[in-house]
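Chain by chain, the residues:
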Amino acid sequence: MAQALRPNTAGSLFATDGKTHPLQDALLAVTLVLGVVSFVTAMFHNLHLLSSWTGLIGIATGAYGQWISETTRERFGLILGLGASGVGFFLGMAHGGLFGGVF
């Protein structure tokens, strides 16, 4: 039961190995924000440009974040952001695409 009394000495909220991961945490935050923006704006037909572009960028940042992630918490958050970005991207593409109505 000694492990129950051990204090949490993690350097970051998302790091479970006791080290800080500033790049991975930044990619996680960016992916989550882009995913939420893409998912929410995908519900509005006239915001398909914003939805599709934020979804595409969210997918790219999430994929790179998955490639360099080091902890399970980072990967879990990145998967949530990737899922939201993917849904927003595909709905944005269905509503008019990346350049729909511009050219």
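Residues numbered from 1 in each chain as written. Predicted model: local features only at pLDDT ≥ 70, side-chain atom pairs only at ≥ 80, totals over all residues. Heavy atoms only, no water.

Focus on helix α1 (residues 22-41)
A turn of α-helix holds 3.6 residues, and therefore any two residues three or four places apart point the same way.
Link 1 in the chain: Here α1 contains 20 residues, and its C-alpha end-to-end distance of 28 Å stays within 8% of the 28 Å for a straight helix at 1.5 Å per residue.
Link 2 in the chain: Taken together, the buried positions of α1 are occupied by Q24, D25, L27, L28, T31, L34, G35, S38 and T41.
Link 3 in the chain: In the core, the buried residues of α1 are packed alongside α2 (48-68) and α3 (72-95). (Helix = DSSP H or I, 4+ residues; strand = E, 2+ residues; numbered from the N terminus. Expected span 1.5 Å × (residues − 1). Buried < 20%, exposed > 50% of the residue type's maximum accessible area, 1.4 Å probe, protein only. Contact = heavy atoms within 4.5 Å.)

Here we look at the packing of α1 against α2
Link 1 in the chain: Look at α1 against α2: their axes get within 8 Å of each other, and the N-to-C directions meet at 155°. In terms of axis orientation, α1 runs roughly antiparallel to α2. The interaxial crossing formed by α1 with α2 has left-handed handedness. Touching L23, Q24, L27, V30, T31, L34, V37, S38 and T41 of α1 are L50, S51, T54, G55, I57, G58, T61, G62, Y64, G65 and I68, all from α2.
Link 2 in the chain: Residue composition of the contact of α1 with α2, grouped by class: 9 nonpolar, 11 polar and no charged. (Axes fitted to C-alpha atoms, helices over the stretch in contact; angles between N-to-C directions. Parallel < 35°, antiparallel > 145°, perpendicular 65-115°, else oblique. Left-handed = near helix turned anticlockwise from the far one by under 90°. Nonpolar A, V, L, I, M, F, W, Y, C, P; charged D, E, K, R; others polar.)

Considerations on α3
Link 1 in the chain: The terminal C-alpha atoms of α3 lie 35 Å apart, and with 24 residues this matches the ideal 34 Å at 1.5 Å per residue to within 8%.
Link 2 in the chain: Buried residues in α3 make contact with α1 and α2.
Link 3 in the chain: Looking at the residues trailing α3, positive phi occurs at G96, about 160°.

As for the packing of aromatic side chains
Link 1 in the chain: If you walk through the whole model with that rule in mind, you get 3 aromatic pairs.
Link 2 in the chain: Geometrically, the ring pair formed by W53 and F99 is edge-to-face, given 5.6 Å between the ring centres and 75° between the ring planes. Of this pair, W53 sits in helix α2 while F99 sits in the segment after α3; the two residues are 46 residues apart in sequence, bridging distant segments of the chain. (Phe/Tyr/Trp six-rings, centres within 6.5 Å; stacked < 30°, edge-to-face > 60°.)

Structural notes on the environment of E74
Link 1 in the chain: Mapped onto the elements of the fold, E74 is located in helix α3.
Link 2 in the chain: Assessed through its relative accessible area of 0%, E74 is described here as buried.
Link 3 in the chain: A C-alpha to C-alpha distance of 7.2 Å links E74 and Q24, two positions 50 residues apart in sequence.

Quick look at the side chain of T31
Link 1 in the chain: Turning to its location among the elements, T31 is positioned in helix α1.
Link 2 in the chain: A relative accessible area of 0% places T31 in the buried class.
Link 3 in the chain: Of the polar contacts made by the side chain of T31, one reaches the backbone nitrogen of G62; its length is 3.4 Å.
Link 4 in the chain: Setting aside its immediate chain neighbours within four residues, T31 contacts G58, T61, G62, L78, G81, L82 and S85. (Polar contact = N/O pair within 3.5 Å; in protein donor to acceptor, adjacent residues only side chain to side chain.)

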